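# Fold and geometry: a report
So the chains spell out like this:
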Amino acid sequence: MKLARNKKREETPVAPAKAEQNKNDLEIFDFSGEVAVSVRDVDLYYGDFQALKKINMNVPKRRITAMIGPSGCGKSTLLKTLNRMNDLVEGCRVEGTIEIGGRNIYDKATDLAALRKNVGMVFQKPNPFPMSVYDNIAYAPRTFGIRQKGKLDAIVERSLRQAAMWDELKDRLNKSALGLSGGQQQRLCIARALSVQPQVLLMDEPTSALDPISTGKIEELCSELKEQVTIVIVTHNMQQAARISDKTGFFLLGELVEFGDTDDIFTSPKHPETERYITGRFG
Amino acid sequence: MVKINKTKFQDASAKYLFILCACMSIVAVFGIIGYILYDSLPALREIGVFKFLFGSVWKFSSDTYGILPMLVSTVVVTLMAVLLGGVVGVFTAIFMVFWCPDKLRVRYSGGNAFLKKFVAWLNRFNLRAVFDQVIKLLAGIPSVIYGYFGLQIVVRAMAQIDPNYRGFGALSTCIVLAIMIVPTITSLTKNALEAVPEHYYEGALAVGNSKAQAVFNIVLPAARSGIISALILGIGRAVGETMAVQMVSGGTANFPTGLFVSIRTLTTNIVAEMGEVVSGSLHESALIATGLVLLVLVLLINFSINLVPKEFKGKRGVKVLHGDASAEIVYTRKGVIPEILKYFTMVCAALVVISLAAVILFILINGIPHISWNFLFGGDDYQGNSLLPAFISTGYMILFTLIIALPLGIGAAVFFVEYAKPGSKAVKVLRTFTDTLAGVPSIVFGLFGYLLFTKLVGRSIFAGAFTMVLVVLPTIIRSTEESLLAVPMAWREASYGLGAGKIRTIFRVVLPAAFPGIATATVLAIGRIISESAALIYTSGMLSVDSSSVSMALNPMNSGSTLTVFMYSFFAEGLAFEEAYATAVVLLVITALLNLIVRSIEKRVRKKG
């Protein structure tokens, strides 16, 4: 099964490269460098409250970067600045620069559709649309102008295979997505995010509402997906961060206390706060 | 020991009392259907059901009664009105939820101090809340007022394009009905949109949707069942509307073959001829049979709400993919249509604001100059027309209706919340009947009151009040129920824990805690009583403008015109329109005041919570 899936992947044409030839204005990012996301001197305010303080971090391409820390430390806030979902929050103000694919996304000229097409997101609570499985995945491609059935079918199949759900769902494509189990819904949401071939995938505590078996599946999926996309994951679960991530950032009270290779952070943290947190003394 | 038994006895008897209250809805529905069916039988038997339904001539001088033209007119006019009002209402609701700015941002840099203050004052308003309040106000405006607006503005405007320069007929009726159902559809659609989980919207944005795409492709379809219900309720309201239609439709029983053809609907057929009917005649029975057809039609429409699927259940069949893996996939920016629709929501909202402002300004401009102390409160020694008798009749109407309806409604609500097992069959049946009662058009209530109550107590304020009890009962039950449900379970448990019985808990803990909700229900009921006219004309009666007097109005055994009926009688007699407008101003002010009261109660409750 695994083999078949990998084979399928090789056949899938790489859309962004071709799209660039067509001077597509959605593919405005250049992910040829080793750093996918570069956060520099970012301060974030909700009204008068400063939620993020001078954050600096470089997220490496095609790796899993985990963000950990106690509740309210700003890790989810930072995640949401990466695809500018924070724009929805009233009174939210961001200073500093966040470069994704070589572009400052807080630049005034940034096209949000292009940004979010390239930086997908998976939410804490599974949020499939009230549609069929097929339509859930075909939804985003359709809004990006793909109408031909053959292409849509190909995208749906590819996305489901990428999310390791094809065999489970290929006979249930017309069923309501709301009828799936919580774990399936969350993986469907991952497939939905993959449907527009993002370069970066943001995951906001994707397993916190799931049982251990579903959690295991999603972790396995993440490890497979990092061959193609850069993953930034926020998690409350330190074992999860240790298991799947390559880099880990530890946040406390809006500050990035420590950022480095996951192995180093969990074996020899430099900061006493990091050590106290990962050994479970607070948080 | 004896004491405990006494409490037990009280608890048991109270329970049956509450059940009795809840059963009133069943009695009322069966009573209405039974009475109207029974009195329709002579006509249906003599004319024949088929001939009655499909006969195209209605002429009482020759005792020929076929309601097909009315039936067709009702259906056509309603569908057109719902198409127009539904589109405008739904899109206005979308605008209110997604694009209405919170604050006005009027800028003024001139030196005029007064204007500066005025602009600052304007900018302080929460625009969304104001919009919301205005929509609620409009939903409460009596239909007679819409009728006058239709008569003076819509019909006159239509006369400009009518080849015969008249303007009455199908098109005017449609427009007036559309304006009347827009507030209902807007506020129900708004509720449905606000009930869509935020995470659908966020999910759509996260895959690169623009706001307009997310709203029109995801949120709107997710609110589908609520919106369809809103449209169905709009249809029910349009089918049942009587007075406003009577004033603009022209009134001849024609098929709606053109925009300016004078038409008659089922409701107006009843109201137009009921006054001159001979009791016990075939004519009377035929009119009642019209009411039966109307009732069946509305019940069918309202029951169809239950057929709307609540959530997406999946499509049928198995989807087989024929993916073309070698196809070149290029994502492009699409979605011009949602952006256009976004501007369309603004157009609709503007349309609503303009027509609403037109209705209100029309009344105020025409009415305010004719308001005087004597017009409002002149006694019998005053020579001109005075509203005082109508005030007295309205006051009586409110008093007597509430004295009966409040205990019944609250008792029924207590049964639903405190005694009934949620989800049990009995509750479902009772609930269905309460909802059914809520959907019955007021002219049908009027017909029932005419058949039963005027026979019992004569055409009088009492007969009108008995009829109004049935009209307001569902409202009272529903809003009391909601407020009872909002009382925390823990309070009841605390009361039981202290050894109080059920009845004591209900009267000492639950009902006092639910008081604001019950007060709101009462105010809503008062609003409904004040604005009602179709149910009253043939029960409490419509006095001619000249013959109304304070001395007569003081005795509730006499017939009397409430404010809206009084206002309608100006039209019916074709006189003194200025004073009708002045009456409309009074009604508008009362409606606005009632709205303010409801709002301040709600605000107080929210503050406490």
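Residues numbered from 1 in each chain as written. Chains lettered and ligands numbered in written order. Predicted model: local features only at pLDDT ≥ 70, side-chain atom pairs only at ≥ 80, totals over all residues.

### Concerning the overall build of chain B
- Helices and strands together make up the secondary structure of chain B, namely 26 helices and two strands.
- For 609 residues, the compact-globule formula gives about 25 Å, and the C-alpha radius of gyration of chain B, at 26 Å, lands near that figure.
- Overall size of chain B, expressed as C-alpha extent along the three principal axes, is 85 × 80 × 70 Å.
- A separation threshold of at least 6 residues defines the contact pool for chain B, and within that pool the share at least 24 residues apart is 78%. (Helix = DSSP H or I, 4+ residues; strand = E, 2+ residues; numbered from the N terminus. Rg over C-alpha atoms; globule rule 2.2 N^0.38 Å. Contact = placed C-beta atoms within 7 Å.)

### Let's talk about the overall build of chain A
- Looking only at helices and strands, one finds 12 helices and 10 strands in chain A.
- Counting across all 283 residues of chain A, residues that qualify as buried make up 49%. (Buried ≥ 20, exposed ≤ 12 C-beta atoms within 10 Å, placed from the backbone.)

### A closer look at unusual backbone geometry
- One non-glycine residue, E205 of chain A, lies in positive phi territory at about 45°.
- Relative to the helices and strands, E205 of chain A is located in the loop between β7 (200-204) and α9 (212-225).
- Residue classification places E205 of chain A among the buried residues on the basis of 21 C-beta atoms within 10 Å.
- The phi torsion at Y165 of chain B lies on the positive side, around 60°, for a residue other than glycine.
- Among the structural elements, Y165 of chain B can be located in the loop between α6 (143-161) and α7 (170-194).
- Taking the number of C-beta atoms within 10 Å as the measure of exposure, Y165 of chain B has 10 and is therefore exposed.

### A look at the interface of chain A and chain B
- Listed by partner, the interface residues are 48 residues for chain A and 37 residues for chain B.
- Residue classes in the side of chain A that touches chain B are distributed as 23 nonpolar, 13 polar and 12 charged. (Nonpolar A, V, L, I, M, F, W, Y, C, P; charged D, E, K, R; others polar.)

### Notes on the sheet that holds strand β4 (residues 92-100) of chain A
All names here are of chain A.
- Spatially, four strands are ordered β2-β1-β4-β5 in an open sheet, and the strand pairing comes out antiparallel. Each edge of the open sheet carries a strand with a single partner, namely β2 (49-60) and β5 (103-104).
- Inspection of the sheet shows strand β1 (residues 35-46) paired to β2 by eight bridges, in the antiparallel sense. Within β2, the residue paired with L44 across the bridge is L52. (Pairing = 2+ DSSP bridges.)

### Observations concerning the domain arrangement of chain B
Residue and element names in this part refer to chain B.
- Structurally, chain B comprises domain 1 (2-38 + 372-608) and domain 2 (74-263 + 306-312 + 334-368).
- Domain 1 puts 23 residues into the contact, and the matching count from domain 2 is 21 residues.
- Secondary-structure elements contributing two or more residues to the side of domain 1 that touches domain 2 are α18 (442-451), α23 (515-531), α25 (563-573) and α26 (577-608).
- At 11 residues, the largest contribution of residues to the side of domain 1 that touches domain 2 is made by α26.
- Of the residues that constitute the side of domain 1 that touches domain 2, the class distribution is 14 nonpolar, eight polar and one charged. (Domains from an automatic or database assignment.)

### Notes on the nonpolar core
- Counting residues in hydrophobic clusters, the biggest one holds 264 residues, and the most contacted among them are V232 of chain A together with L177, V219, L473 and A584 of chain B.
- In this structure, this core is formed jointly by two domains, domain 1 (2-38 + 372-608) and domain 2 (74-263 + 306-312 + 334-368) of chain B, each of which donates at least three residues.
- Other than its neighbours up to four places away in sequence, V232 of chain A contacts V37, V59, T65, M67, L79, L82, V200 and L202 of chain A. (Core = buried A, V, L, I, M, F, W, Y, C linked by C-beta atoms within 7 Å.)

### So, the packing of helix α3 (residues 68-99) of chain B against α7 of chain B
Residues and elements named next belong to chain B.
- Running from N to C, α3 and α7 cross one another at 35°; their axes reach a closest spacing of 6 Å. Seen from above, α3 lies across α7 with right-handed handedness.
- Taken together, the residues of the contact of α3 with α7 sort by class into 19 nonpolar, seven polar and two charged. (Axes fitted to C-alpha atoms, helices over the stretch in contact; angles between N-to-C directions. Left-handed = near helix turned anticlockwise from the far one by under 90°.)

### Things to note about the sheet that holds strand β8 (residues 230-234) of chain A
Residue and element names in this part refer to chain A.
- Read from one edge of the open sheet, six strands run β6-β7-β8-β3-β9-β10, paired in mixed fashion. Looking at which strands have only one partner, the edges of the open sheet turn out to be β6 (119-122) and β10 (255-261). Within this sheet the neighbouring strands show an average axis-to-axis angle of 15°, counted without direction.
- Across four bridges, the pairing between strand β3 (residues 64-68) and strand β9 (residues 247-252) is parallel. Its bridge partner lying in β9, M67 is registered against G249.

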